Amino acid sequence: MDLQRRKECVPDAVLVTKAFIVERRSQIEERLATPTASTGTPIDDLNGIAKALAMMANAGGGAVAIGGGGVAEGIKNITELAQAEAYLAGYEAGRRNR
């Protein structure tokens, strides 16, 4: 087989991962654009852990008390995004090193 003519075959898992990254990143960015904590306090007025937790809760769809996923869901969303990006980076590094 002529290697120059061979078409690159991208595994389905890579295509699904790329789509997931675009979707999850967009979701997180949209949720982090919320300017207030669930208490109504502007996030810019918060400091330290209160600010970090408010941002995590927003990344999770808002506080559990108002029907969102809360801090746990925010951490899960960000962790899943990081895992998908690491998987894709590993795949692409492996492709470059062939």
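Quick note: structure is the one above.
Residues numbered from 1 in each chain as written. Predicted model: local features only at pLDDT ≥ 70, side-chain atom pairs only at ≥ 80, totals over all residues. Heavy atoms only, no water.

## Looking at the pattern of salt bridges
Then step 1. One pass over the structure, following the stated rule, counts 4 salt bridges.
Then step 2. Taking the shortest distance from any N to any O, the salt bridge between Arg-24 and Glu-80 comes out at 2.6 Å. Note that Arg-24 is positioned in helix α1 (residues 12-32) and Glu-80 in helix α3 (residues 70-96), a separation of 56 residues in sequence.
Then step 3. By relative accessible area, Arg-24 is classed as buried at 12%.
Then step 4. Through salt bridges with shared partners, one network takes in Arg-24, Glu-73, Lys-76 and Glu-80. (Salt bridge = Lys/Arg side-chain N within 4 Å of Asp/Glu carboxyl O. Helix = DSSP H or I, 4+ residues; strand = E, 2+ residues; numbered from the N terminus. Buried < 20%, exposed > 50% of the residue type's maximum accessible area, 1.4 Å probe, protein only.)

## A look at the packing of α1 against α3
Two numbers describe a pair of packed helices, the interaxial angle and the distance between the axes.
Then step 1. Orientation of α1 relative to α3, taken along the N-to-C sense of each, is 145°, at an axis distance of 9 Å. Classified by chirality, the crossing of α3 by α1 is left-handed. Between α1 and α3, the contacting residues are Ala-13, Val-14, Thr-17, Lys-18, Phe-20, Ile-21, Arg-24, Arg-25, Gln-27, Ile-28 and Arg-31 on the first element and Asn-77, Ile-78, Glu-80, Leu-81, Ala-84, Glu-85, Tyr-87, Leu-88, Tyr-91 and Glu-92 on the second. (Axes fitted to C-alpha atoms, helices over the stretch in contact; angles between N-to-C directions. Left-handed = near helix turned anticlockwise from the far one by under 90°. Contact = heavy atoms within 4.5 Å.)

## Structural notes on the environment of Gln-83
Then step 1. Structurally, the position occupied by Gln-83 is in helix α3.
Then step 2. Between the C-alpha atoms of Gln-83 and Glu-73, which are 10 residues apart in sequence, the distance is 15 Å.

## Observations concerning the packing of helix α2 (residues 48-59) against α3
Then step 1. Interhelical geometry of α2 versus α3 gives an angle of 75° and a closest axis separation of 6 Å. Classified by the interaxial angle, the pair formed by α2 and α3 is roughly perpendicular. Facing Leu-53, Met-56, Ala-57 and Ala-59 of α2, the residues of α3 in contact are Gly-70, Val-71, Gly-74, Ile-75, Asn-77 and Ile-78.
Then step 2. Partitioning the contact of α2 with α3 into residue classes produces 7 nonpolar, 3 polar and no charged. (Parallel < 35°, antiparallel > 145°, perpendicular 65-115°, else oblique. Nonpolar A, V, L, I, M, F, W, Y, C, P; charged D, E, K, R; others polar.)

## Re the nonpolar core
Then step 1. Membership of the largest hydrophobic core is limited to 7 residues, which are Val-14, Ile-21, Ile-28, Leu-81, Ala-84, Leu-88 and Tyr-91.
Then step 2. Among the secondary structure elements, those contributing two or more residues to this core are α1 and α3.
Then step 3. Ranked by residue count, the leading element in this core is α3, at 4 residues.
Then step 4. In contact with Val-14, other than residues within four places in its own chain, are Tyr-87, Leu-88 and Tyr-91. (Core = buried A, V, L, I, M, F, W, Y, C linked by side-chain atoms within 4.5 Å.)

## Here we look at the environment of Val-10
Then step 1. Mapped onto the fold, Val-10 is located in the segment before α1.
Then step 2. Look past the residues within four positions of Val-10 in its chain and what remains in contact with it is Leu-15 and Tyr-91.

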